[in-house]
Amino acid sequence: MIFDIHSHIIPGVDDGASSLEESIEILRALKAQGVDKVIATPHFYASKDSIHTYVTRISDAFSNLLEKTRTLDLPELFCGSEVHCFRGMSRSEDLKKLCIHSSRYILLELPYAPLDTKLVDEINDIAINMELTPILAHIDRYLTYNRYEDIMRLFRYGDIQGQVNADALCHGMGKKKALQFLQEDACIYLGSDAHNMHTRPPRMGQAMAYIERKIGEEGLQRLSLRSEKLFHELTKPKGKEETVVTVG
């Protein structure tokens, strides 16, 4: 199973797909690249939107996308958010509404800057005190500002996870470090971060070919096992005490 856990495929809600036709084109490309399941993760910026307004808007748009594509042979869709970190987020009970598909997993985007102690404390509070599981989006991008070892230190206890962009494995000088993230024992996933079919298309197939070429079938198998575990976590029945109301 290959799970694209980071994409911008809901039309007209952020800087991703601009139309239903483009959403379908991206999803067809992902299907052709071997992707079985896709999480839509539109951007959330606390400086631009309230959580309530955002959730209403995204839920309606995602429901419409599901309705328009339900008869097509496309990957199974889930809804979440790419939450740009904001001050006080670990004290916001509404943060749970931004989780992926009524789960306790939440995709967080870090600032493009050196890691800040207060921010790291916030992320740890989300994991420990709110009992959510942060997945840090496109960790390969933070290498411009942080050492590899400092980023990996965030995952040392297993209550924080990470995601690498497929693009990082397809071009540029950071391919080796991006691959190294995926080889670690930490739970790190692959995501397309696809926005469109022109400047930011899905490259999951190309990335998986690179993984197989460099570390063999075992590398792909590790990704598949992580995907399967995440899928089961997202879809397992939840008791009343576990229920989280989200955009999914």
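Everything quoted here is computed from the prediction, not taken from an experiment.

With respect to the overall build of the protein
- Broken down by element type, the protein carries seven helices and nine strands.
- For the protein, the C-alpha radius of gyration of 17 Å lies close to 18 Å, the compact-globule estimate for 248 residues.
- Its C-alpha atoms put the protein at 45 × 45 × 35 Å along the principal axes.
- In the protein, buried positions account for 52% of the 248 residues.
- Considering only contacts within the protein whose residues lie at least 6 apart along the sequence, 78% involve residues at least 24 apart.
- Total accessible area on the protein is roughly 11,500 Å²; 49% of this is exposed by carbon and sulfur atoms.
- Between the centroid of the 30 positive side chains of the protein and the centroid of its 36 negative side chains there is a distance of 2 Å.

Structural notes on the sheet that holds strand 3 (residues 43-44)
- Strand order across the open sheet formed by six strands is 3-5-6-7-8-9, with parallel pairing between neighbours. The outermost strands of the open sheet, each flanked by one partner alone, are strand 3 and strand 9 (188-191).
- Of the strand pairs in this sheet, strand 6 (residues 105-109) and strand 7 (residues 133-136) are connected by four bridges, and their pairing is parallel. Each residue of the ladder has a partner; that of I106, found in strand 7, is P134.
- Sitting on the sheet, helix 3 (residues 117-128) is in contact with strand 6 and strand 7, with an inclination near 140 degrees to strand 7.

What to know about the packing of helix 5 (residues 175-183) against helix 6 (residues 204-215)
- Contact geometry of helix 5 with helix 6 gives a least axis separation of 11 Å together with a crossing angle of 80 degrees. One element, helix 5, and the other, helix 6, form an angle in the roughly perpendicular class. For the pair formed by helix 5 and helix 6, the contact residues are K175, K176, L179, L182 and Q183 on the first element and Y210, I211, K214 and I215 on the second.
- For the contact of helix 5 with helix 6, the per-class residue count stands at five nonpolar, one polar and three charged.

A closer look at the nonpolar core
- In terms of nonpolar packing, the biggest core is built from 80 residues, with L95, F155 and L190 touching the most fellow members.
- The element that contributes the greatest number of residues to this core is helix 2 (residues 51-69), accounting for seven residues.

What to know about the pattern of salt bridges
- Using the criterion set out here, one finds 13 salt bridges in the structure.
- Across the pair K37 and E76 runs a salt bridge, and its minimum N-O distance is 2.8 Å. Separated by 39 residues along the polypeptide, K37 in strand 2 (residues 37-40) and E76 in strand 4 (residues 76-79) bring together distant segments of the chain.
- By relative accessible area, E76 is classed as partly exposed at 37%.

Overview of the sheet that holds strand 1 (residues 3-7)
- The strand order across the open sheet formed by three strands is 1-2-4, and the pairing between neighbours is parallel. Because the sheet does not close on itself, it has two edges, and the strands there are strand 1 and strand 4. With strand direction ignored, the average angle separating the axes of adjacent strands in the sheet is 25 degrees.
- Packing against the sheet, helix 7 (residues 217-235) makes contact with strand 1, strand 2 and strand 4, and its axis sits at approximately 70 degrees to strand 1.

Definitions and limits used
Residues numbered from 1 in each chain as written. Predicted model: local features only at pLDDT ≥ 70, side-chain atom pairs only at ≥ 80, totals over all residues. Heavy atoms only, no water. Helix = DSSP H or I, 4+ residues; strand = E, 2+ residues; numbered from the N terminus. Rg over C-alpha atoms; globule rule 2.2 N^0.38 Å. Buried < 20%, exposed > 50% of the residue type's maximum accessible area, 1.4 Å probe, protein only. Contact = heavy atoms within 4.5 Å. Areas by Shrake-Rupley, 256 points an atom, 1.4 Å probe, with all protein chains shown as cover. Lys, Arg positive; Asp, Glu negative; His and termini not counted. Charge placed at Lys NZ, Arg CZ, Asp CG, Glu CD. Pairing = 2+ DSSP bridges. Axes fitted to C-alpha atoms, helices over the stretch in contact; angles between N-to-C directions. Parallel < 35°, antiparallel > 145°, perpendicular 65-115°, else oblique. Nonpolar A, V, L, I, M, F, W, Y, C, P; charged D, E, K, R; others polar. Core = buried A, V, L, I, M, F, W, Y, C linked by side-chain atoms within 4.5 Å. Salt bridge = Lys/Arg side-chain N within 4 Å of Asp/Glu carboxyl O.

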